[in-house]
Amino acid sequence: MVAGALGSKLVFSSGAAAGFAPFLVGCLVWSIGLSLGGTTGYAINPARDLGPRVAHTVLPIAGKGDSGWSYALIPILGPCTGALLAGLLLRALGA
């Protein structure tokens, strides 16, 4: 939601300065990671969480533990659902 609003003309009347919006989005992601990451990282990229989980499940590694599929819906569906809702809200606001 915030990342979409950074480039919106509702936030900056003439839009963000060239190259400034990507910097602000990077700062947003960094601040989310610092505040929510903890020691295990933060689950805001479904591909980053799903890829290693699938690889761990498929690869024949001796003595490997559980791949943690019971928790997989949170870091995969959570960001996708949030992005969808933010996009719909931004479209409804005309941003």
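Bear in mind the structure is a predicted one, so any value in this text is a computation, not a measurement.

Close contact between helix H3 (residues 46-58) and helix H4 (residues 73-93) brings their axes to 8 Å; oriented N to C, the two are set at 155°. The angle between H3 and H4 falls in the class roughly antiparallel. H4 is crossed by H3, and the crossing has left-handed handedness. Of H4, the residues touching H3 (which contributes Pro-46, Asp-49, Leu-50 and Arg-53) are Pro-75, Ile-76, Pro-79 and Cys-80. Along the lines of polarity and charge, the residues of the contact of H3 with H4 split into 6 nonpolar, no polar and 2 charged.

With that settled, the discussion passes to the packing of aromatic side chains. Under the definition given, this model contains 0 aromatic pairs. Here the basic side chain of Arg-53 rests over the ring of Trp-69, its NZ or CZ set 5.9 Å away from the ring centre.

Within the secondary structure, Lys-64 sits in the loop between H3 and H4. Those residues in contact with Lys-64 that sit more than four places away from it in its chain are His-56, Thr-57, Val-58 and Leu-59. At 2.8 Å, the side chain of Lys-64 forms a polar contact with the backbone oxygen of Leu-59.

All right, on to a nonpolar patch on the surface then. On the surface, Leu-50, Val-54, Val-58 and Trp-69 cluster together to form a nonpolar patch covering roughly 350 Å² of accessible area. Along the polypeptide, Leu-50 turns up in helix H3.

Parameters at a glance
Residues numbered from 1 in each chain as written. Predicted model: local features only at pLDDT ≥ 70, side-chain atom pairs only at ≥ 80, totals over all residues. Heavy atoms only, no water. Axes fitted to C-alpha atoms, helices over the stretch in contact; angles between N-to-C directions. Helix = DSSP H or I, 4+ residues; strand = E, 2+ residues; numbered from the N terminus. Parallel < 35°, antiparallel > 145°, perpendicular 65-115°, else oblique. Left-handed = near helix turned anticlockwise from the far one by under 90°. Contact = heavy atoms within 4.5 Å. Nonpolar A, V, L, I, M, F, W, Y, C, P; charged D, E, K, R; others polar. Phe/Tyr/Trp six-rings, centres within 6.5 Å; stacked < 30°, edge-to-face > 60°. Lys NZ or Arg CZ within 6 Å of the ring centre and 35° of its normal. Polar contact = N/O pair within 3.5 Å; in protein donor to acceptor, adjacent residues only side chain to side chain. Patch = residues over 30% accessible without salt bridge, like charges linked within 9 Å, V, L, I, M, F, W, Y side chains within 5 Å. Areas by Shrake-Rupley, 256 points an atom, 1.4 Å probe, with all protein chains shown as cover. Salt bridge = Lys/Arg side-chain N within 4 Å of Asp/Glu carboxyl O.

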